[in-house]
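# Coordinate analysis (summary)
Chain by chain, the residues:
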Amino acid sequence: MASDPPRTSRFTAFRDAGGVRGLVSRSWGRWWVKGLAILAVLAVVGYGVLWVTVLRQLPSVDQLRSYEPPLPTNVRGADGAPIQSYARERRVELSYAEYPPLLVRAFLAAEDKTFFEHHGVDYPGLGGAVIDYVRKFGTGRRAKGGSTITQQVAKNLLIGNEYSPTRKFKEAILAYKIEDTLTKPQILELYLNQIALGRNAFGVEAASHAYFDKELNELDLAQLAYLAILPKGPSNYDPVRHADRALARRNYVLGEMLKNGFITQAQHDQAVSEPLGTILRRTPKYERVGGYFVEEVRRQLIDKFGETERDGPFSVYAGGLWVRSSLDTRLQDLAAQALRDGLLRYDAGRGWSGPLRHVALDDADGWLQPLLNTNIGLDYKDWRAAIVIAREGDAWQIGFADGKTGTLPRGAAQMPVRGRGGTAFAALKAGDIIAVAPQGNSYAIRSVPKISGGFVVEEPQTGRVLAMQGGFDSRLQAFNRATQAMRQPGSTIKPIVYSAALENGMTPASIIVDGPFCVYQGARLGQKCFRNFGNSRGAGPHTMRWGIEQSRNLMTVRAAATTGMPRVVDVMKRMGVGEYQPYLANALGAGVTTVSRMVNAYATLINQGRAHAPTLIDFVQDRHGKVIWPENWRGCDGCNAPDYNGKPMPRPGDRTRQAIDPLTAYQMVHITEGVIQRGTAVVLRDLDRPMMGKTGTTTGPTDVWFVGGTPQFIGGLYVGYDTPSNLGGYAQGGTFAAPIFKEFAVKAYEGLDKIPFRAPAGIRMVRIDRATGRPVYGTFPTDTDPKAAVIWEAFKPQSEPRRAIHRGPTPAATATAAAPQRATNTQRDSDFLQREGGIY
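Residues numbered from 1 in each chain as written. Predicted model: local features only at pLDDT ≥ 70, side-chain atom pairs only at ≥ 80, totals over all residues. Heavy atoms only, no water.

## As for the sheet that holds strand β1 (residues 73-76)
Read from one edge to the other, the open sheet built from 5 strands follows the order β2-β1-β5-β19-β20, with strand pairing classed as mixed. With one partner strand each, in any of the chains shown, β2 (82-86) and β20 (627-629) form the two edges of the open sheet. Neighbouring strand axes in the sheet, compared pairwise and without regard to direction, differ in orientation by 30 degrees on average. Relative to β2, β1 is paired through 4 bridges, and the arrangement is antiparallel. Residue pairing across strands places Val75 opposite Gln84, the latter belonging to β2. Lying over the sheet, helix α12 (residues 291-305) contacts β1, β2, β5 (322-325), β19 (617-621) and β20, oriented at roughly 50 degrees with respect to β2. (Pairing = 2+ DSSP bridges. Helix = DSSP H or I, 4+ residues; strand = E, 2+ residues; numbered from the N terminus. Axes fitted to C-alpha atoms, helices over the stretch in contact; angles between N-to-C directions. Contact = heavy atoms within 4.5 Å.)

Here's what the structure looks like:
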C-alpha cells in the first residue's frame with residue numbers, strides 16, 4: 001500500500017490587542033473621537049492665547065479685600081470741631097448694615113434684579129447686550145451695558161471704563177472671581193460706596209447730601225429711587241436741565257420695585273406722586289472759618305504728603321487724613337473782624353471800588369451758572385455777592401448763589417465811582433458781580449476796599465499759630481498776605497536791632513545820641529544821612545529805652561553802627577526775620593519780611609529767646625487713626641488727670657532752639673512794655689494788663705505795622721496796598737495799626753488772667769531815673785503813673801549802673817538824714833519781685 005504523502009498544515013497566529021493602547025487604537029478610527037481630540041487641542045491653544053492676551057493682565061481681586069477708596073482730608077480746629085474738608089471726590093464710606101433696605105432694593109430694581117441669584121454674570125442680560133452691540137456696530141451709537149453690579153464693581157475698581165468687547169469679557173471673568181472672593185453684602189458695600197452719582201458725589205451718602213442736603217437715612221422712598229437712576233448717567237438725569245426725563249426714569253424704577261415685590265402698591269403710588277424734591281445747591285458743611293488759615297494748612301499738607309493718590313497713600317485729596325490744626329475759631333473771628341473793620345475805616349469816603357468781577361451773560365435767564373462758576377462769596381457781616389442781571393427802570397435786578405433774586409434801587413447805589421466820577425448805579429453793567437447788603441426790602445451796594453493787609457496770632461510758648469487773616473476775604477483774594485506778602489517792617493524791626501546791641505555790651509540805660517548821623521558810602525553813592533520819622537530834629541542824648549519807646553531812627557542807626565551791622569543781621573537771621581546784607585538801612589526796616597516771621601520773632605522774645613518754628617498743624621492722623629506727622633509724636637494720656645499720682649510728669653523732647661540770650665530777650669520785652677505805657681502804642685495802655693509791642697511805619701508811608709501781645713499770645717499785623725502806594729501822612733503804626741490790634745485785643749483778652757512777663761534767672765531789677773538811666777536810691781517807682789521819673793529797669797549781672805562815690809557829709813549824717821524816709825517808706829525791692837510773679 002502506497003503510503004499517503006504527509007499533510008502539512010499552515011497556522012496564522014494572532015495576538016489579541018487589549019488594554020489602553022488597544023482601546024485608543026480602536027477608538028481613533030471613530031470620527032467623533034477625532035473631533036473631540038481636535039476640540040481639546042483647540043481649547044488648550046485658545047486658553048493659552050487667552051492667557052497671554054487677557055488673563056495674565058487681569059488684576060487680582062484679592063486687593064478688593066483691603067481696598068481703600070480715595071477719601072477727603074478733614075481738618076479740625078484746636079477744640080476738635082471740624083472746620084474744613086479738602087476733597088475733589090465727595091465720598092462718605094458706610095457699611096452695608098447702614099444702608100436703608102429700601103435703598104438697596106431701589107438699586108437692585110434699577111441695576112441688577114437677580115443680583116442675589118447669579119454668580120457675577122446675568123446671561124440673559126449679557127446676551128441682550130451682545131445682540132445690541134452687533135446691531136449698533138459701526139453706527140457710532142453705544143450699545144446698552146448689560147453689566148451686573150458685580151461687573152460694575154470690576155469695571156470701576158479694577159479695569160476701567162474702556163468701551164470694547166474685550167472689557168466686557170474681562171468684566172465677566174473678574175465678576176466670577178469677585179463672587180468667589182467676597183460675599184454679596186461686601187460687593188454691594190463696595191458698589192454703593194464708590195459709584196459716581198454726579199455733582200462731585202461718589203457713593204450714595206455723598207449723593208444724598210449733594211441732591212437733597214440730608215443724611216441718607218432721612219430720605220424717603222421717592223428720593224431713594226432718584227439716587228438709583230443716577231448710575232446710568234448723572235448728567236442724563238440732572239434735576240435742573242432734564243427734570244422730566246429724571247422724573248420718568250425715577251417712576252420707572254418705582255414701577256420695577258413694585259413688580260419685584262420690593263414695595264407695596266400704596267408705597268408706589270405715594271412715591272410716584274411726589275416731585276423730585278432736589279436742591280439747587282447744598283448747604284456748606286462747614287461755616288466759613290479761617291479761609292486763609294485752612295488754605296495755608298492745605299499748602300503745607302501738599303508739600304508734606306502730596307496732592308493725589310499717585311503721590312502716596314497719605315495724599316491730601318485721597319488719603320483720608322484727619323488733621324488737628326491749632327486754629328482758635330474765636331480768635332480767628334476776632335482777628336478777621338478787626339482787620340476788615342480797619343480796612344473799611346481807611347477806605348470809607350473814597351468811593352466805590354468797582355465790581356468784584358465781570359462775566360458774560362448770554363441772556364437774562366442764564367445768570368445762575370456763571371455766578372456759581374466764579375465761586376465768589378463774602379462772609380463779612382450781612383454782605384452778599386450778587387450778579388447784576390438786568391435794569392428795570394430805576395433799579396437793577398440782581399441774583400444770588402442760592403437762585404434767589406432781589407433789586408438794587410438807584411438810591412442805594414449813589415456812591416461815586418473811585419477815580420472816574422459818576423455814580424455806581426450808572427456804572428453797573430449786566431454781568432457785574434458786586435457786593436451788596438440788605439436794606440429794607442431791597443439791597444444797597446457796598447465797596448470792597450482796595451487796601452489790604454495781614455494779621456497773625458501766635459502762642460509764644462509753642463509757636464502754634466492761633467489765627468491768620470491774609471486779606472479782606474479769601475474767596476475774593478486768594479493771596480495770603482500773612483505768609484506770602486514780603487513787606488518792609490519799618491520800626492517793628494528795632495527791637496531786633498537793639499537786641500543785638502544788648503548782646504554786645506549795651507544796656508537799657510545806655511546813653512545814645514539822638515542827633516545827625518551820616519555815613520560815607522563810597523565815591524558812587526556819596527554821603528548818606530539818616531533822619532527821624534517826619535524829619536524831626538534830634539533830641540540829644542537819651543537812654544536806649546527812650547529811643548525805642550519813641551521810635552527814634554537816628555538813635556537806632558547809631559546803635560546799629562556801634563554794634564556792627566554784621567552782628568545785627570546775624571541776630572535777625574537767628575530770630576527768623578530774614579537774611580539781609582549788613583547795610584545800615586536794614587536797621588530801619590528796609591529789608592522785606594512777612595507778618596508771620598515778625599510775629600514769630602516777637603514770640604521768641606517773650607519765650608526768653610527760645611525760638612519755635614510757627615506751626616498751623618498740631619498732628620496728622622491717617623484714615624485708621626495712627627499719627628503720621630510729626631515724626632515720633634507721642635500722646636500724653638492722663639496729662640490733665642484730676643487725680644495726679646505724684647509721679648514724674650512726662651517730658652516731651654524740647655523742639656526749641658536758643659536764638660538769643662534769655663537775659664537779652666527779657667530786657668527787650670521789659671523795654672517794649674514801655675512802648676505801650678508811654679510810647680508810640682500808648683493807645684493800648686487802657687487795656688490795663690502787662691503787654692509789650694512795637695509800632696512801625698515805612699517810608700511814604702506805604703505800610704503801617706503793629707506787633708505785640710502778652711504771655712498768652714502775641715499778634716501782629718500790617719496794612720498797605722498790594723502795590724505799595726502812599727497811605728497819607730496821617731497813617732502811622734500808632735494811629736492806624738495799633739487801633740486795629742486794640743479792637744481785636746479788647747475781646748480776645750476778656751476773661752484771661754493778667755500775667756506778667758517772667759524774667760529768667762540772673763536778671764537784676766534796678767531802680768533808675770528814666771531820663772538819665774542813673775540809679776536811684778530812697779525812692780520807689782509807682783504803679784499808677786506811666787510817666788514816673790523813677791522806673792524799674794532790667795540789667796544783666798555786673799552791667800547795672802553803680803553808685804557814684806561823692807565827697808560830702810559823713811556816713812552818720814547821711815544815715816540820720818535818711819532815717820525818716822526809711823521809716824515812712826516800707827517798700828522793698830522784694831515787694832516788686834513778688835508783684836511781678838518772682839524772678840525765674
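Further notes follow.
## Comments concerning the pairing of strand β13 (residues 465-469)
With 5 of 5 residues buried, β13 is to be regarded as a mostly interior element. Bridge count between strand β12 (residues 452-458) and β13: 4 bridges; the pairing is antiparallel. When the sheet's bridge partners are listed, Val457 is paired in β13 with Ala467. (Buried < 20%, exposed > 50% of the residue type's maximum accessible area, 1.4 Å probe, protein only.)

## Thoughts on the pairing of strand β22 (residues 692-697)
Summarising burial for β22: 6 of the 6 residues are buried, a large majority. The pairing of β22 with strand β23 (residues 703-709) spans 6 bridges and is antiparallel. Looking at β23, one finds that Gly696 is bridged to Trp705. Between β22 and the antiparallel strand that follows it, β23, lie 5 residues; Gly700 among them carries a positive phi value of about 135 degrees.

## A short note on the packing of aromatic side chains
Here the distance between the centres and the angle between the planes together describe a pair of aromatic rings. Scanning all chains against the criterion turns up 21 aromatic pairs. Ring geometry for Tyr211 against Tyr226: centres 5.6 Å apart, planes inclined by 70 degrees, an arrangement best described as edge-to-face. Highlighted residues: Tyr211 in helix α8 (residues 204-212) and Tyr226 in helix α9 (residues 221-229), separated in sequence by 15 residues. Its relative accessible area of 2% is what places Tyr211 among the buried residues. (Phe/Tyr/Trp six-rings, centres within 6.5 Å; stacked < 30°, edge-to-face > 60°.)

## Observations concerning the state of the cysteines
Using the criterion set out here, one finds 1 disulfide in the structure. With a sulfur-sulfur separation of 1.9 Å, Cys518 is cross-linked through a disulfide to Cys529. Between Cys518 and Cys529 the sulfur-sulfur dihedral comes to about 105 degrees; the bridge is accordingly right-handed. Of the two residues, Cys518 is situated in strand β15 (residues 517-520) and Cys529 in strand β16 (residues 527-530); the sequence distance between them amounts to 11 residues. Overall, Cys518 belongs to the partly exposed group, its relative accessible area being 35%. (Disulfide = S-S within 2.5 Å.)

## Regarding the sheet that holds β23
The strand order across the open sheet built from 5 strands is β13-β12-β24-β23-β22, with neighbouring strands paired in antiparallel fashion. One side of each edge strand has no neighbouring strand; the edge strands of this open sheet are β13 and β22. Recorded for the sheet is a direction-independent mean angle of 5 degrees between the axes of neighbouring strands. Of the strand pairs in this sheet, β23 and strand β24 (residues 714-720) are connected by 7 bridges, and their pairing is antiparallel.

## Considering the environment of Leu280
Structurally, the position occupied by Leu280 is in the loop between α11 (265-272) and α12. Distance from Leu280 to Phe212, taken between C-alpha atoms, is 8.8 Å for residues 68 residues apart in sequence. Dropping the residues within four chain positions of it, Leu280 is found in contact with Arg199, Val240, Leu368, Asp402 and Gly403.

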